[in-house]
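Chains, contacts and geometry: an overview
Read off the chains here:
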Amino acid sequence: MKKNNGENFITPSVIIAIVIIVLGLIGIYMSFYNAASGEYELRTMLTMLFWQLLFSGILILIGVTVIVVRMIKSVRRNTEIREKLELLEAENKAAQELIEKSLEMEHLQRLEIIGTMTSGIAHEFNNMLTPIMGYSIMCMDMLPDNSEELLDNLTEIYEASSRAKTLISRLSSLSRKNSEEKFIAISPDELLIKVEEVSHLSLPKNVSIVKDYNCPDECVKGDRTQLGQVALNIVLNAIQAMEEKGGTLTISTRREGDKIKLIFTDDGPGISKENLPKIFDPFFTTKGTGHGTGLGLAIAQHIITEHGGTIKVESELGKGTCVTINIPIRKARKEDVISSDNTLVDE
């Protein structure tokens, strides 16, 4: 007989106790047998029966006591082991939470370092890029006719400078904090309708978009341009992921408690388990050279955090990706915050 913790319950002491109990039982049997034989006088028989029963009872009592003590020790041992296992599980859970918090802190520190660096050098870079772009335009205006090759070269210079300026601007956005005073009431459904309209310009024929908007009368508080940038970035990422084999992107909104959920689900190739923890890291990208800077989701996370919300990505390789954004609801009716130019404004 063996307990779950691997400790043997049948020990030499238990075996001896069992033997003692058996001997006691045999002794009781023999006492009654001798008494029934009629070989002794009544007085002698009663005296022998008394002492034999007493001796056998003592043997049985000793054996039972040994087994009970052994059982109590075994129960205590099992309890101690169970408590140690529970303690180890709690420590393991705490260690896992600590590791997750450390990874999150490292991510925030990387963003902070990038923000600190870019905020210091962005102005200088812009000062250098502005004259390059300006003189490129001036040179293009001064070109004589039939200078197509030179015009192409100057155009390349201007477009490269423009891309660099855009990249610096996107990096700088990681270090800027939004002021809630500048936030306005925004209809999430209308925001996504406009994002979907813009994304149709780059929508391949083998990719379709399904809309499921359920918040026509709800509003969130935020920066319309930044939230639109986040949504458009997610939509374009999904479209690019499905370009080769095609697929469907489902964009939906719904209210849960005091938050609005923006959900983007595609049936594209998905993201591997190895890459999934890295997708919010600045400059991380699985796209080829020239097809992405790896800043899109890092900036998206920064923007959503500044809006008091969260962004979560769930994905499985070969089964698609689901991006869920949670944004706090602004307690206002949509009809109360629509201005005459059909732009949502603060109350």
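Here we summarise the structure given alongside this text. Position numbers for residues count from 1 along each chain, tracking the sequence in the order it is written. Residues qualify for local features only when their pLDDT is at least 70, as the model is predicted, and side-chain atom pairs are given and counted only at 80 or more; totals for whole chains, interfaces and linings, by contrast, use all residues. Side-chain figures throughout are based on the complete set of non-hydrogen atoms in the structure, without hydrogens or water.

**Some remarks on the pairing of strand 7 (residues 320–330)**
Quick reminder of the rule: Partly exposed residues are those whose accessible area sits between 20% and 50% of the maximum for their type, while under 20% is buried and over 50% is exposed, using a 1.4 Å probe and protein chains only. Working definition: helices are DSSP H or I runs of at least four residues, strands are E runs of at least two. Numbering for both runs from the N terminus. At least two bridges found by DSSP between two strands is the condition for calling them paired.
For strand 7, a buried count of 10 out of 11 residues is recorded, marking the element as mostly surrounded by other parts of the structure. Bridge count for strand 3 (residues 219–222) against strand 7 is 2 bridges, and the pairing is antiparallel. Following the sheet pairing, V220 is matched in strand 7 by I329. Here 7 bridges tie strand 6 (residues 310–316) to strand 7, and the two strands are oriented antiparallel to one another. For T310, the partnering residue across the bridge sits in strand 7 and is N326.

**Thoughts on the pattern of salt bridges**
Stated formally: Between Lys or Arg on one side and Asp or Glu on the other, a salt bridge is scored when a side-chain nitrogen of the former is within 4 Å of a carboxyl oxygen of the latter.
Summed over all chains, the structure comprises 6 salt bridges. A salt bridge links K211 to E196; the nearest nitrogen and oxygen atoms lie 3.6 Å apart. A residue pair is termed long-range when its members are at least 10 positions apart, and K211 in strand 2 (residues 207–213) and E196 in helix 4 (residues 188–199) qualify at 15 residues. On the basis of relative accessibility, which here comes to 6%, the residue E196 falls in the buried class. Between E218 and R255 there is a salt bridge, and its shortest N-O distance comes to 3.1 Å.

**Considering a negative patch on the surface**
The line we're drawing: The patch calculation keeps residues exceeding 30% relative accessible area without a salt bridge and links them within 9 Å when they carry like charges or within 5 Å when they are nonpolar (Val, Leu, Ile, Met, Phe, Trp, Tyr). For the accessible areas, the method is Shrake-Rupley and the probe is 1.4 Å, while residue cover comes only from the protein chains on display. Positive charge is attributed to Lys and Arg, negative charge to Asp and Glu, and no charge count is given to His or to the chain ends. A charged residue contributes its charge at one atom only: NZ of Lys, CZ of Arg, CG of Asp or CD of Glu.
On the surface, E148, E149, D152, E156 and E159 cluster together to form a negatively charged patch. When you line up the elements, E149 lands in helix 3 (residues 148–172).

**With respect to the nonpolar core**
The test is simple: For the purposes of this section, nonpolar cores are sets of buried Ala, Val, Leu, Ile, Met, Phe, Trp, Tyr and Cys residues that join through side-chain atoms within 4.5 Å. Two residues qualify as a contact provided that any one of their heavy atoms is within 4.5 Å of a heavy atom in the partner residue.
Core analysis: the biggest nonpolar cluster contains 37 residues, and L249, I251, F264, I311 and I325 have the highest contact counts within it. Beyond its immediate sequence surroundings of up to four residues, I251 is in contact with L192, I209, V210, K211, D212, Y213, V235, I263 and F264.

**Here's the deal with helix 4**
Definition in use: One less than the number of residues in a helix, times 1.5 Å, gives the span that helix is expected to have. The reported arc concerns the directions from the helix axis to the C-beta atoms and nothing else.
Spanning 12 residues, helix 4 covers 16 Å between terminal C-alpha atoms, matching the ideal 16 Å at 1.5 Å per step. Taken together, the buried positions of helix 4 are P188, D189, L191, L192, V195, E196 and S199. For helix 4, the angular spread of buried residues about the axis comes to 160 degrees, placing them on one side.

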